[in-house]
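For reference, the chains in residue letters:
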Amino acid sequence: MQFRKDQKTQKELSVLGYGCMRFPRNFGKIDLKKTEELILKAFNAGVNYYDTARIYPGSEEALGAVVAKNNLREKIFIATKLPVITCHNTSDFDKFFLESLKQLKTDYIDYYLMHMLTDIESWEKLKRLGIEEWIAQKKQSGAIKQIGFSFHGAQNQFLKILDAYPWEFCQIQYNYFDENYQAGKTGLKAASAKGIPVIIMEPLLGGKLVTGLPLAAKNAFKKANPDCSPAQWGLNWLWNQSEVSVVLSGMSDSGQLSDNLDCADKAHSGMLKDHDLTVFEQVKEAFNAAYKVHCTGCNYCMPCPCNVNIPGCFSAFNSSYAINRTEGSKQYVTSTAAFSATPHTASLCTECGKCENHCPQHIEIRKELKNVKKRLEPPFFRIIILIARLVFKQHRRK
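Now for a description of the structure that goes with this document. (Residues numbered from 1 in each chain as written. Predicted model: local features only at pLDDT ≥ 70, side-chain atom pairs only at ≥ 80, totals over all residues. Heavy atoms only, no water.)

Turning our attention to the packing of aromatic side chains. In this structure the tally under the stated criterion is 23 aromatic pairs. Here Tyr176 and Phe221 contribute two aromatic rings whose centre-to-centre distance is 6.2 Å and whose plane-to-plane angle is 85 degrees, an arrangement assigned as edge-to-face. Placement of Tyr176 in the loop between strand E10 (169-173) and helix H7 (184-193) and of Phe221 in helix H8 (residues 215-224) is noted, with a sequence separation of 45 residues between them. Classification of Tyr176 by relative accessible area gives buried; the value is 1%. Aromatic rings pair up to connect Trp123, Phe149, Phe151, Phe158, Tyr165 and Trp167 into one cluster. Above the plane of the ring of Tyr321 lies Arg375, whose end atom (NZ or CZ) is 3.7 Å from the centre. (Phe/Tyr/Trp six-rings, centres within 6.5 Å; stacked < 30°, edge-to-face > 60°. Helix = DSSP H or I, 4+ residues; strand = E, 2+ residues; numbered from the N terminus. Buried < 20%, exposed > 50% of the residue type's maximum accessible area, 1.4 Å probe, protein only. Lys NZ or Arg CZ within 6 Å of the ring centre and 35° of its normal.)

This is the structure in structure tokens:
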């Protein structure tokens, strides 16, 4: 495992961090046994940064249980977040913070983030509620070691927030496909220039830069280096930049973890040559031609009041272009209609707009769901679903 130094604390952070939003699940609940196996494997390989949040269902509780059981607390750094969008008065700060401490079975947080700041006004609102005084109290007591923020907004707003407070770290969405999206490279360099660690989320666009790559993109990577997986290409692009401190990866199985650990062992800035970087341009060109909706599957838009599986709809829609229509249709049927007690199709959308208020990617979800319906719900769709659901119902009875 390679490490990069937090210039504020002089602590060594593993270049690979564990993103705890996508722990393995079984029937909708986090599989604690598999999660423990993954966390211990990561820890034994040198991963010391674990990022969670109270809005990731069950994540804090699962991480806290594993850490407490295996006496890891003093050996790792835990990052979690204040859900600023649900803070309406000063008492909410303590309410949510104490809930996180309880779930994580700890009395302090190493890296605490203001979660999902989108513009300078979202920070100003917190200031009016007394967040600066609250942070000062928590830091003085030792309950918070480092304070930072995660960002989902326009680049100019990121720069304003960055200058509005003496932050000690920040977290941004950044990958080779999103080089100029949200904070982007400009934001990365601006934060690094202040001497603060920059934590990277969505390094593989919610896995889309691995499983969702069109064939032309896969072939470009394979031709350049057949021994390097698409995931490794994506991670290497990030670690090639000295301004990147920690790359978070939501590893939900042992294979993903092993692949990423192998990559992290060799990671260093300046590792890519000019001919390597040209490959990314070829991949992005192929990706842009095939991908339609920039959804990372973060699930911030969920739950939908009308039971639409929004991320599932978009994943299938994109696959119908990036792979082929048959594969996209198959994904759509299985993820939204056939194998659940109630359907979750795009046609259920009533255009209430609640989802768009929470989307970090600022996707026009209502508009795109209409496109999903048009492409993946042909006139005979309801008949196919009816048959599939009947077959599945009979299978369950056996």
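The discussion continues.
Turning our attention to the state of the cysteines. Scanning all chains against the criterion turns up 0 disulfides. Looking at the unpaired Cys304, the closest cysteine sulfur is the one in Cys306, lying at 4.8 Å. (Disulfide = S-S within 2.5 Å.)

Below, the discussion takes up unusual backbone geometry. Of note, the bond from Met302 into Pro303 is cis; its omega dihedral lies within 30 degrees of zero at 0 degrees. Along the chain, the position of Pro303 falls in the loop between helix H11 (274-290) and helix H12 (310-322). Positive phi is not limited to glycine here, since Gln10 has a value of about 70 degrees. Despite not being glycine, Lys105 has its phi angle at roughly 55 degrees, a positive value. Mapped onto the elements, Lys105 comes out in the loop between helix H3 (90-104) and strand E8 (109-117). In this structure Lys105 comes out as exposed when scored by relative accessible area, which is 53%.

The next point concerns the nonpolar core. Judged by nonpolar contacts, the single largest core of 90 residues is most densely connected at Met114, Phe149 and Trp239. In this view, Met114 contacts Leu82, Val84, Trp123, Leu126, Ile131, Ile147, Gly148, Phe149, Ser150 and Trp167; residues no more than four positions away in its chain are not counted. (Core = buried A, V, L, I, M, F, W, Y, C linked by side-chain atoms within 4.5 Å. Contact = heavy atoms within 4.5 Å.)

Turning next to the packing of H8 against H11. What describes two packed helices is the angle between their axes and the distance between those same axes. Interhelical geometry of H8 versus H11 gives an angle of 165 degrees and a closest axis separation of 8 Å. Here H8 is positioned roughly antiparallel relative to H11, judged by the angle of their axes. With respect to the hand of their crossing, H8 and H11 are arranged in right-handed fashion. For the pair H8 and H11, the contacting residues are Ala216, Ala217, Ala220, Phe221 and Ala224 in the first and Val279, Phe280, Gln282, Val283 and Ala286 in the second. Classifying every residue of the contact of H8 with H11 by side-chain character gives 9 nonpolar, 1 polar and no charged. (Axes fitted to C-alpha atoms, helices over the stretch in contact; angles between N-to-C directions. Parallel < 35°, antiparallel > 145°, perpendicular 65-115°, else oblique. Left-handed = near helix turned anticlockwise from the far one by under 90°. Nonpolar A, V, L, I, M, F, W, Y, C, P; charged D, E, K, R; others polar.)

Here the focus is the side chain of Asn236. Its location among the elements puts Asn236 in helix H9 (residues 230-239). Setting aside its immediate chain neighbours within four residues, Asn236 contacts Cys228, Cys263, Met271 and Leu272.

As a further point, take the pairing of strand E9 (residues 144-151). By the criterion of burial, E9 is predominantly enclosed, with 7 of the 8 residues buried. Across 6 bridges, the pairing between E8 and E9 is parallel. By the bridge assignment, Met114 is partnered in E9 with Phe149. Relative to E10, E9 runs parallel, the two being bridged by 3 bridges. By the bridge assignment for E10, Gly148 is matched with Phe169. Handedness of the crossover joining E9 and E10 through helix H6 (residues 155-163): right-handed. (Pairing = 2+ DSSP bridges. Right-handed = clockwise from strand over helix to strand, strands pointing away.)

Right, let's get into the pairing of strand E12 (residues 246-249). Here E12 shows no split at all, with Val246 and Leu248 on one side and Val247 and Ser249 on the other all buried. In terms of strand pairing, strand E3 (residues 16-19) meets E12 through 3 bridges, oriented parallel. The partner of Gly17 across the bridge, within E12, is Leu248. Both strand E11 (residues 198-201) and E12 contribute to a ladder of 2 bridges, which runs parallel. From the neighbouring strand, Ile200 faces E12, where its bridge partner is Val247.

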